[in-house]
Each structure stands twice: as structure tokens, then as C-alpha cells.
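# Remarks on the overall topology
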Amino acid sequence: MFEIYVLRLGHRVLRDQRISSHVALVARAHGADGVIFSGQYDQRLLRSVREVVARWGGPFSVSYVADWRRKIKELKGQNFFVLVSTMYGINLPDAIAEIREVTETRSLLIIVGSEKMPPDVYELGDMNVAVTNQPSSEVAVLGIMLDWIFGGLELSKEFKDARLRIIPQRNGKNVIGL
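Throughout what follows, the structure given in this document is the object of discussion. What you are looking at is a predicted structure, and each value in this text was computed from that prediction instead of being measured.

## What to know about the overall build of the protein chain
Counting its secondary structure elements, the protein chain contains 6 helices and 8 strands. The order of α-helices and β-strands along the protein chain, N terminus first, is β-α-β-α-β-α-β-α-β-α-β-α-β-β. The C-alpha radius of gyration of the protein chain comes to 16 Å, within 12% of the 16 Å expected for a compact globule of 178 residues. Taking the principal axes of the C-alpha coordinates as reference, the protein chain spans close to 45 × 35 × 30 Å. Taken over 178 residues, the protein chain has a buried fraction of 46%.

## Quick look at the packing of helix α1 (residues 13-29) against helix α2 (residues 43-56)
Packing of α1 against α2 brings their axes to within 10 Å, and their N-to-C directions diverge by 30°. Taken as axis vectors, α1 and α2 run roughly parallel relative to one another. Where α1 crosses over α2, the two elements pack in a sense that is right-handed. Contacts from Gln 17, Ser 20, Ser 21, Ala 24, Leu 25 and Arg 28 of α1 reach α2 at Arg 44, Leu 45, Val 49, Val 52, Val 53 and Trp 56. Taken together, the residues of the contact of α1 with α2 sort by class into 7 nonpolar, 3 polar and 2 charged.

## Details of helix α4 (residues 92-102)
All of the buried residues along α4 are Leu 92, Ala 95, Ile 96, Ile 99 and Val 102. Buried residues of α4, seen end-on, are gathered within an arc of 125° and therefore sit on one face of the element. Across from the buried face of α4, at angles greater than 90 degrees, the exposed residues are Asp 94, Ala 97 and Glu 101. At its buried positions, α4 is contacted by β4 (80-91), β5 (107-112), β6 (127-130) and α6 (138-150).

## What about the sheet that holds β5?
Pairing within the open sheet is parallel, and its 6 strands lie in the order β3-β2-β1-β5-β4-β6. Edge positions in the sheet fall to β3 (61-64) and β6, since each has one partner strand and no second. Adjacent strand axes in the sheet meet at a mean angle of 30° when their direction is disregarded. As paired elements, β4 and β5 share 5 bridges and run parallel to each other. Looking across to β5, one finds that Phe 80 is bridged to Ser 107. Across the face of the sheet, α1 comes into contact with β1 (4-11), β2 (34-39) and β5 while running at roughly 175° to β1.

## Focus on the pattern of salt bridges
One pass over the full model with this rule turns up 6 salt bridges. In this structure, Glu 74 and Lys 71 form a salt bridge, with 3.2 Å as the shortest nitrogen-oxygen distance. Remark: Lys 71 and Glu 74 occur in helix α3 (residues 68-77); sequence separation between them is 3 residues, near one turn of the helix. Using a relative accessible area of 18% as the deciding quantity, one classes Lys 71 as buried. Between Asp 126 and Lys 76 there is a salt bridge; the shortest N-O distance is 3.0 Å. Placement of the pair is Asp 126 in the loop between α5 (119-124) and β6 and Lys 76 in helix α3, with a sequence separation of 50 residues.

Rules of the game
- Residues numbered from 1 in each chain as written.
- Predicted model: local features only at pLDDT ≥ 70, side-chain atom pairs only at ≥ 80, totals over all residues.
- Heavy atoms only, no water.
- Helix = DSSP H or I, 4+ residues; strand = E, 2+ residues; numbered from the N terminus.
- Rg over C-alpha atoms; globule rule 2.2 N^0.38 Å.
- Buried < 20%, exposed > 50% of the residue type's maximum accessible area, 1.4 Å probe, protein only.
- Axes fitted to C-alpha atoms, helices over the stretch in contact; angles between N-to-C directions.
- Parallel < 35°, antiparallel > 145°, perpendicular 65-115°, else oblique.
- Left-handed = near helix turned anticlockwise from the far one by under 90°.
- Contact = heavy atoms within 4.5 Å.
- Nonpolar A, V, L, I, M, F, W, Y, C, P; charged D, E, K, R; others polar.
- Arc of directions from axis to C-beta.
- Pairing = 2+ DSSP bridges.
- Salt bridge = Lys/Arg side-chain N within 4 Å of Asp/Glu carboxyl O.

In short, shape yes, function no, at least from these values alone.
As C-alpha cells, then:
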């Protein structure tokens, strides 16, 4: 079975706390195996995401790398296929067949940016992928990409070692401790 990791480039502590945490939340809830942050080191962000995993289950890894170029090269050396999420890429409907074919033999690294992407990201990636070729939210784009990759199967994923679980309700809410 292939793995999917999300690399969040260029995290800025004062500006990106909420969006970067949402990138991690969407990655986890929609089937990714982990998130890797780069940019400014943010212990609070790492702790916050790990606390979500502890409460709601996993597995889901959370890490930080200072040298994202080295991390991309390392994962490519481990046979990862690198998708760069960018509005300049091939629109997802036109790329999904190749992405699904690749995942038969390789794992995926999905790169999502914060500030403007450095030019060499586009050269390190194996494919630039867009969800529309318009400006959009990296959080929304990541959720859509993962949904298309998993074909909706991620929506029924079971998380292990959770301390909390939601019992779906038509009205109201029901959260139980485990």
C-alpha cells in the first residue's frame, strides 16, 4: 500500500499558524500518513497537531525539517512521486489517472506552499497539479486532491488509538470517550 505525506513549505509562525494547522487537519482526516513542516520552526504548531492525533487517533506523523530540498531528494530516493500543488499545474481531472497509476508502485509526497513557492520546487517535483488553474486555498486544494486520489474511500477511514469518537447524529452532537 502506498503512503502519502504532505510537505508544507514556508510556514511563518506569526502569519500561518491557523492555515498550517488546517493543512495538517485536512491531511490527517483525508487519508495522508503524515505532515512535514518547513519554514520557521513552530513548536506550538507541532504540539497542537500531535494533540489532535492523540485525541482523535492515527496513525499520523508530524515532523519539521529545516532543509526541505534535502527532504524532497531523500523521499525521491525512497521512490516517492512528488506532486507540487500549484495553480500552474495540470488540472487534477487531467492528471488523476496517472497519479492513481503511480500509486500502484510508489508513495506520494504532496507539496503545498505558504508564501510564494521557490522556483526549484517546480523542478524537484515530478508533476505540478492544479485544482482549477485559478488562485485558491491550499487547504481546499489539498482536501480535493486527497479525495480524488482515494476516490472517497478516505471518508470512512477508521483511526486507531483514539480517545474520542463522534457518533454521527442527524441533529445535535454525540462525542464519546474511549
